[in-house]
Amino acid sequence: MATTNRQATTLALAHALSAAERGLAVFPLSRTKLPALRSPHRDDPTALPCHGECGRFGHGVYDAATDPARVRELFAAAPWATGYGIACGLPPHHLVGVDLDTKSGTDASAALRELALRHLFTIPDTVVVLTPSGGRHLWLSGPPDVVVPNSAGRLAAGIDIRGAGGYLVGPGSRTDHGEYTTVPGTAHLAPAACPPELLRLLLPPPRTHHPTPQSTQSTGGHGQGLVQFVLGAHAGQRNTRLFWAACRAYENGIGPALIGPLVDAAVDTGLSEREARATIASAARMSGHRS
């Protein structure tokens, strides 16, 4: 049994490294499809929100990396891992996962076809992963300046969306229910661009307009757009929107100048200033900067 587990871990690591070479950020999963490494803060009820800025492993999707050395370190810390997760929303692909489920008697594929007919879009040729239960994961690429939130059943019964802060189980992973495999003929494809008509369906309705803080003027239109994006967050997506807006800000070299406006916007949506600053600090760390 131990030998079997070691072989599964070795295979999972090999698949994860292959995905990382394609620019997909990965981290180890257990047989339950959950992150293999437990949070280092699980026994501390007073711990502040942490997305990895503490420097330790155990932050789930926020551990995800494309650097081979880091990926090997993650798997070395989780020798029981038999699979890997792929973080969604990160550059260069800004991955959006369309999870077509087969549970509860739903026909998610038919529901997606009906949506495509109704809203006049087609699903392009892209990577398709088969799940052990008979479902399918479609890999799509989102625009770099748009954050697609996670959702379950909002688009249609049986269709879940994996967006920013979410992850997909990578092909080659083994779970308690079987193996995830790529549909023949799709493994070599890059994630196809999400059709604009479908993308509109995936985004939440806009909130009431808020005035743009004056302090964003020096960061240009992109900084103003990121602040507006945070202001448009609904309950349940506030931290996610703030995190990814901060990541985009640091990637574009305006992170330090945008900390104040992003914190103000996050507080306006209901987050505490402490939580907002912790989330931005995490984004800075993931982007290779210090806030």
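Below you will find a few notes about this structure. Model, not experiment: these values are computed from the prediction.

Glancing now at the overall build of the protein. For the protein, the count of helices and strands is eight helices and 12 strands. Relative to its 291 residues, the protein shows a buried fraction of 48%. Partitioning the contacts of the protein with sequence separation of at least 6, the portion at a separation of at least 24 is 72%.

With that settled, consider helix α7 (residues 255-269). Spanning 15 residues, α7 covers 20 Å between terminal C-alpha atoms, matching the ideal 21 Å at 1.5 Å per step. The largest bend in α7 amounts to roughly 30 degrees and is located at P261. Restricting attention to buried positions, one finds in α7 the residues G255, L258, I259, P261, L262, V263, A265, A266 and T269. Phi turns positive one or two residues past the end of α7, at G270, with a value near 120 degrees.

Orientation of helix α6 (residues 238-251) relative to helix α8 (residues 273-286), taken along the N-to-C sense of each, is 45 degrees, at an axis distance of 8 Å. Classified by the angle between their axes, α6 and α8 sit oblique to one another. The two elements α6 and α8 cross, and the hand of that crossing is right-handed. Each of N239, L242, F243, A246, C247 and Y250 in α6 lies in contact with α8, whose residues at this interface are E275, A276, T279, I280, S282, A283, A284 and M286. Split by residue class, the contact of α6 with α8 holds 10 nonpolar, three polar and one charged.

This brings us to the environment of L203. When you line up the elements, L203 lands in the loop between α4 (196-202) and α5 (220-231). Note: C-alpha distance between L203 and P149 (54 residues apart in sequence) is 6.9 Å. Discounting residues that sit within four places of it in the chain, L203 has contacts with V146, V147, V148, P149 and R154.

It is at 9 Å that the axes of α7 and α8 come closest, and there the two elements cross at 135 degrees. In this view, α7 runs oblique relative to α8, as classed from their interaxial angle. Considering only the axes of α7 and α8, their crossing is right-handed. Here I259, L262, V263, A266 and V267 of α7 lie close against α8, whose contacting residues are E273, A276, R277 and I280.

Position of A8 among the secondary structure elements: in helix α1 (residues 2-21). Separated by 74 residues in the primary sequence, A8 and T82 have C-alpha atoms spaced 5.1 Å apart. Excluding residues that lie within four positions of it along the chain, A8 makes contacts with R31, A81 and T82.

The sheet built from three strands is open, its strands ordered β1-β2-β8 with antiparallel pairing. Edge positions in the open sheet fall to β1 (26-29) and β8 (167-169), since each of these has one partner strand only. Each strand of the sheet is rotated relative to its neighbour by a mean of 35 degrees, with strand direction disregarded. Where β1 and strand β2 (residues 83-87) come together, four bridges link them in antiparallel fashion. Considered in β2, the bridge of L29 is made with G83. Packed on one face of the sheet, helix α2 (residues 68-77) meets β1 and β2 and runs near 10 degrees to β1.

Turning to the nonpolar core, a few remarks are in order. Within the largest apolar cluster, 60 residues are counted, with the highest numbers of intra-cluster contacts made by V26, V71, W139, L242, L262 and I280. Among the elements that take part in this core, α6 stands out by supplying eight residues, more than any other. One finds V98, L100, A111 and L115 within the second-largest nonpolar core, a separate group that totals 21 residues.

Moving on, we get to the packing of aromatic side chains. By the definition in use, this model includes three aromatic pairs. Between F27 and Y167, the aromatic rings sit 5.1 Å apart at their centres with planes inclined by 80 degrees, giving edge-to-face as the arrangement. One end of the pair, F27, is in strand β1; the other, Y167, is in strand β8, and 140 residues separate them in sequence. Taken together, a centroid distance of 5.1 Å and an interplanar angle of 75 degrees make the contact between Y62 and F243 edge-to-face.

Each value, and the rule that gives it
Residues numbered from 1 in each chain as written. Predicted model: local features only at pLDDT ≥ 70, side-chain atom pairs only at ≥ 80, totals over all residues. Heavy atoms only, no water. Helix = DSSP H or I, 4+ residues; strand = E, 2+ residues; numbered from the N terminus. Buried < 20%, exposed > 50% of the residue type's maximum accessible area, 1.4 Å probe, protein only. Contact = heavy atoms within 4.5 Å. Expected span 1.5 Å × (residues − 1). Bend = angle between axes of the 7 residues up to and from the residue. Axes fitted to C-alpha atoms, helices over the stretch in contact; angles between N-to-C directions. Parallel < 35°, antiparallel > 145°, perpendicular 65-115°, else oblique. Left-handed = near helix turned anticlockwise from the far one by under 90°. Nonpolar A, V, L, I, M, F, W, Y, C, P; charged D, E, K, R; others polar. Pairing = 2+ DSSP bridges. Core = buried A, V, L, I, M, F, W, Y, C linked by side-chain atoms within 4.5 Å. Phe/Tyr/Trp six-rings, centres within 6.5 Å; stacked < 30°, edge-to-face > 60°.

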